Amino acid sequence: MLDHIRKYDILLASNSPRRRELLSGLGIEYQVTALPDIDESYPKSLQGEEIPKYIAAAKAAAYKQEMTDKTLLITADTIVWLKGKVFGKPKDKDDAKNMLRALSGNTHTVITGVCISTPEKQISFAVSTDVSFTVLDEDEIDFYIENYKPIDKAGAYGIQEWIGFVGVNKIRGSYFNVMGLPIHRLYQELKHF
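What counts, and at which threshold
All residue numbers refer to positions counted from 1 along the written sequence of the respective chain. Note on the predicted model: pLDDT of at least 70 is required for a residue's local features to be given, and 80 or more for side-chain atom pairs to be given and counted; whole-chain, interface and lining totals, by contrast, use all residues. Side-chain calculation: all heavy atoms of the structure are included, whereas hydrogens and water are not. Helix and strand definitions here come from DSSP, where helices need a minimum of 4 consecutive H or I residues and strands a minimum of 2 consecutive E residues; each element is numbered from the N-terminal end. It is over C-alpha atoms that the radius of gyration is taken, and the globule rule equals 2.2 Å times the number of residues to the power 0.38. For each residue, the accessible area found with a 1.4 Å probe, counting protein chains only, is set against the maximum for its type, and the residue is called buried under 20%, exposed over 50%, and partly exposed in between. The criterion used for residue contact is that any of the two residues' heavy atoms lie within 4.5 Å. Any two rings among Phe, Tyr and Trp, with Trp reduced to its six-membered ring, count as a pair given centres within 6.5 Å; such a pair is stacked if its planes are under 30 degrees apart, edge-to-face if over 60, and tilted if neither. Any Lys NZ or Arg CZ found within 6 Å of a ring centre and within 35 degrees of that ring's normal is scored as a charge over the ring.

**Side note on the overall build of the chain**
Consideration 1: A count of helices and strands for the chain gives seven helices and seven strands.
Consideration 2: In summary, the chain has a C-alpha radius of gyration of 17 Å against a globular reference of 16 Å for 193 residues, a match within 12%.
Consideration 3: For the C-alpha atoms alone, the extent of the chain along its principal axes is close to 50 × 35 × 25 Å.
Consideration 4: Counting all 193 residues of the chain, 48% fall into the buried class.
Consideration 5: Taking as baseline every contact in the chain between residues at least 6 positions apart, the subset at least 24 positions apart corresponds to 67%.

**Quick look at the packing of aromatic side chains**
Consideration 1: Applying the stated criterion across every chain yields a total of four aromatic pairs.
Consideration 2: Ring centres of Phe 133 and Tyr 157 lie 5.0 Å apart, and the angle between their planes is 85°; on these two criteria the pair is classed as edge-to-face. Of this pair, Phe 133 sits in strand 6 (residues 122-133) while Tyr 157 sits in the loop between helix 4 (138-148) and helix 5 (162-167), and the two are 24 residues apart along the sequence. The residues Phe 133 and Tyr 157 share a single accessibility class, namely buried.
Consideration 3: The interplanar angle of 80° and the centroid separation of 5.7 Å between the aromatic rings of Tyr 175 and Phe 176 together place this pair among those described as edge-to-face.
Consideration 4: Note on Phe 176: relative accessible area 40%, which makes it partly exposed.
Consideration 5: Above the plane of the ring of Tyr 42 lies Lys 44, whose end atom (NZ or CZ) is 4.6 Å from the centre.
Consideration 6: Above the face of the Phe 193 ring, Lys 121 is positioned so that its terminal group lies 4.4 Å from the ring centre.

Structure follows, in structure tokens:
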């Protein structure tokens, strides 16, 4: 499958082990490249799906100079969206606690923006998944933060970890999107790229 893209040197520009694991599931050969310090700020006028699409495209733009005519670059960004507010990666443990308190007992949306780029073509898309949390008590929040250290995750949690097992009571949409890469949609886009 995806034989038509084998002519490219596929690069996943991500430090996320979850994205690497998910992309590996497609059975394509790719290399991982470390992201340089990229400004992940965005215009405050952007809302919802526009935000991670914008950041994924900015990540791709940072690699433009390094791309060859054989490069196919995949970049992504994930946010948690609750009541019109963005929850990115927490700054520290206190920020993580505050995020999990806000998510507790609520339904939020996990949005991942993806950008696929070659020197001749670029497409971007976003996928949204609604995630409902049961009410979490302070001991559960503290246990999770101390034992799983979710500082590198949007919304301060990983659905595939303990907090997902005990706290998530419903999702609507792609589970893999919540992990950080909407692999089904990425496959469909690569099929037609």
